[in-house]
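Structural overview
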Amino acid sequence: MEGSRPATPEAPPENLWSSILDSVSSSRSIPSKQVLLLGPASSGKSVLASALLQKPVSEESKDETRSDFALGYDWADIRDDGDEDTLARLSVYTVPSDAIAYTSLMPHFLPPRASLPHTLVMIVLDWTRPWTFVDNLQTWLKWVEIWAKGDGSRDLDIVREENHERLQHHLQHYTEPSTDAVPATSNISSNTVLPLGPGTLTHNSAGVPIIVVCTKSDLIDEGNDLVGASSSGMGGMVKGKGGEWEERTDGVMQVLRTICLKYGASLFYTTQQPNTLQVLRQYALHLLFIPPAPSPMASGSEAPAPLRNPFVFHYKPNTLDRDRIVIPAGWDSWGKIGVLREGFEAKVWGEAWETDLDADVIESEDHSGAAKMYKSLVPDQGAK
C-alpha cells in the first residue's frame, strides 16, 4: 500500500519550505542606509534624528549636554509610500562633538569601503550661534574628507570613484519639480547632461552626499533693540530688524551656499515645526537612494532602462522664506547666489575658503581667509 501512495501530498511541504527560505532571504537582503549627524552639542541633533526615524524625542535625549555615550545610535525601517514593502533599514549615528575621542570611533562603526555608497552626512549648524558657522563647516568637512579616504586601498579608491560619479551624475541631471503639491514622476532627466557650473563640486573627492542643516531658524528674526550679545543669535548683532539685519542674514546664506556648492552639498533651514523636518527627511531619503551613475555603453548595445529613485523629492527650492530654506544639490549656482544680495562675490569667498584649507597659512594672521572675512560679517558673540 505504501507503494501506491500518491506523491502529491509531499508537494505542499516542499513549497512551504521554499516559501520560508525565500522570506528569510528577502529579509536579509534589505539594504542598510546610514545618516551621520555631525555638529556641536545642543544644536538640535536629537530633534533631527527623531524626525528622520519618525520617532518621538525622548526626554533624556532633549538634554544634549548629556555625555553618557560616546556616540548616539538609533534605527528604523523605511517603507514605501504604500507602507507595504520595507525598502531599507535606516540607521542614524550622532556624534556629540568634534572631539577626537568621538570622531576616531566612526571609522570602526562606518568603515568607508562598505559604507560610502549608503551613507549621508548631515552637518548641523545652530542659528543661536551663527558666528560659529564657517569654523564648524571647516572642521566637519575636513573630517568627512579624511574619513572617506580611509586606508587609501585600491578597493576603496574604486568605491570612491564610483560614488563621485554617482553624485556628479545627480548634480548634472537635476530638474526642478513643477509643483509643490503633486509629486513628479521623476526629477532626473536622462536626456540632457548639463556641465557643472564654476565652483561646483570642486571638493568632496569621494562624492559623499552632504546636507548642511541650519536648525532653530525661527530664531533668526528674534531679538531686541539693543546692540550686544544675545542668546537669540543674530538678534543681538544689530539694532532692530531693518535693512542691515536682513543684509547680514542674507550674507550668511550666500556664504553657506557658496561653500555647499563646492562640495555638491544641499542647504536646509529647519525649525521644530513638523513640516520643515518632514521636507528634510524626504530629501535625505531621496539622496540615500540616488541610483548609481550609468556605465558607459558598449558600441552597438542598447541603453539599459534607468533606475528609478523610490523617493522622489517634489518640493521646489526656496530661498525666500528665511526660516525654511530649501536648496537641493544641483540647483544652485554663483549667479543665483549673487541675485540674493548685491555686492557678494562668490568667487572671492570660494578662494578665501581655499586659503583656509591650506594648512601652511591657516595660522598666519595676515591671510584673508573665509573665517576672517566671516567674522567681519558676523562678529563673535560667544563667551570669552
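Under the annotation held in an unreviewed UniProt entry, the protein carries the name Dynein light intermediate chain and is attributed to Suillus luteus UH-Slu-Lm8-n1. UniProt, in its Subcellular location (unreviewed entry) section for the protein, records the words "Cytoplasm, Cytoskeleton".

**Let's talk about the pattern of salt bridges**
One pass over the structure, following the stated rule, counts eleven salt bridges. Arg-129 is the salt-bridge partner of Asp-126, the closest N and O atoms lying 2.9 Å from each other. Under the relative-accessibility criterion, Asp-126 is labelled buried at 2%. Glu-354 serves as the salt-bridge partner of Lys-262, at 3.1 Å between the closest nitrogen and oxygen. With Lys-262 in helix α9 (residues 243-262) and Glu-354 in helix α12 (residues 346-357), this pair connects stretches of sequence that are 92 residues apart.

**Description of the packing of aromatic side chains**
Counted according to the given criterion, the structure contains 13 aromatic pairs. Judged by centre distance (6.0 Å) and plane angle (15 degrees), the ring pair of Phe-344 and Trp-349 falls under stacked. Using a relative accessible area of 9% as the deciding quantity, one classes Phe-344 as buried. Every member of this aromatic cluster is reached through a ring pair, and the members are Phe-268, Tyr-283, Phe-313 and Tyr-315. In this structure, Lys-33 packs its charged tip against the face of Phe-289, placed 5.0 Å from the ring centre. Note that Arg-89 overlies the ring of Trp-75, its terminal NZ or CZ placed 4.2 Å from the centroid.

**What about the confidence of the model for the protein?**
Mean pLDDT for the protein: 82, with 74% of residues reaching 70 or above. Low pLDDT (under 50) marks residues 180-191, which in the prediction has 21 contacts with non-local residues, meaning those over four places away or in another chain.

**Structural notes on the state of the cysteines**
Per the stated rule, a full pass over the model turns up zero disulfides. You can see Cys-214 has no disulfide; the closest cysteine sulfur is in Cys-260, sitting 7.9 Å from it. Overall, the relative accessible area of 0% leaves Cys-214 in the buried class.

**Some thoughts on the packing of helix α2 (residues 45-53) against helix α10 (residues 274-288)**
Where α2 contacts α10, the two axes come as close as 9 Å, and the packing angle between them is 65 degrees. In this structure, α2 meets α10 at a crossing whose hand is right-handed. Where α2 abuts α10, its residues Val-47, Leu-48, Ala-51 and Leu-52 lie against Leu-277, Leu-280, Arg-281 and Ala-284. Of the residues contributing to the contact of α2 with α10, the split by class is seven nonpolar, no polar and one charged.

**Describing the pairing of strand β4 (residues 119-126)**
Here β4 lies mainly inside the structure; eight of its eight residues are buried. Burial along β4 is two-sided: Thr-119, Val-121, Ile-123 and Leu-125 facing one way and Leu-120, Met-122, Val-124 and Asp-126 facing the other are all buried. Looking at chain direction, strand β1 (residues 32-38) and β4 are connected through five bridges and run parallel. Each bridged residue has a counterpart across the sheet, and for Gln-34 the counterpart in β4 is Thr-119.

**Details of the pairing of β1**
When you tally the buried positions in β1, you get six out of seven residues, the bulk of the element. Relative to strand β3 (residues 86-94), β1 runs parallel, the two being bridged by six bridges. Residue pairing across strands places Gln-34 opposite Ser-91, the latter belonging to β3.

**Notes on the sheet that holds β3**
Read across the open sheet, the seven strands follow the order β2-β3-β1-β4-β5-β6-β7; overall the sheet is mixed. Of all strands in the sheet, those with a lone pairing partner are β2 (72-79) and β7 (326-327), marking the two edges. Here α2 sits on the sheet and contacts β1, β2, β3, β4 and β5 (210-215); the angle it forms with β3, its principal contact strand, is near 170 degrees.

How each quantity is defined
- Residues numbered from 1 in each chain as written.
- Predicted model: local features only at pLDDT ≥ 70, side-chain atom pairs only at ≥ 80, totals over all residues.
- Heavy atoms only, no water.
- UniProt positions renumbered as here; feature names shortened; annotations may be inferred.
- Salt bridge = Lys/Arg side-chain N within 4 Å of Asp/Glu carboxyl O.
- Buried < 20%, exposed > 50% of the residue type's maximum accessible area, 1.4 Å probe, protein only.
- Helix = DSSP H or I, 4+ residues; strand = E, 2+ residues; numbered from the N terminus.
- Phe/Tyr/Trp six-rings, centres within 6.5 Å; stacked < 30°, edge-to-face > 60°.
- Lys NZ or Arg CZ within 6 Å of the ring centre and 35° of its normal.
- pLDDT = per-residue confidence, 0-100.
- Contact = heavy atoms within 4.5 Å.
- Disulfide = S-S within 2.5 Å.
- Axes fitted to C-alpha atoms, helices over the stretch in contact; angles between N-to-C directions.
- Left-handed = near helix turned anticlockwise from the far one by under 90°.
- Nonpolar A, V, L, I, M, F, W, Y, C, P; charged D, E, K, R; others polar.
- Pairing = 2+ DSSP bridges.

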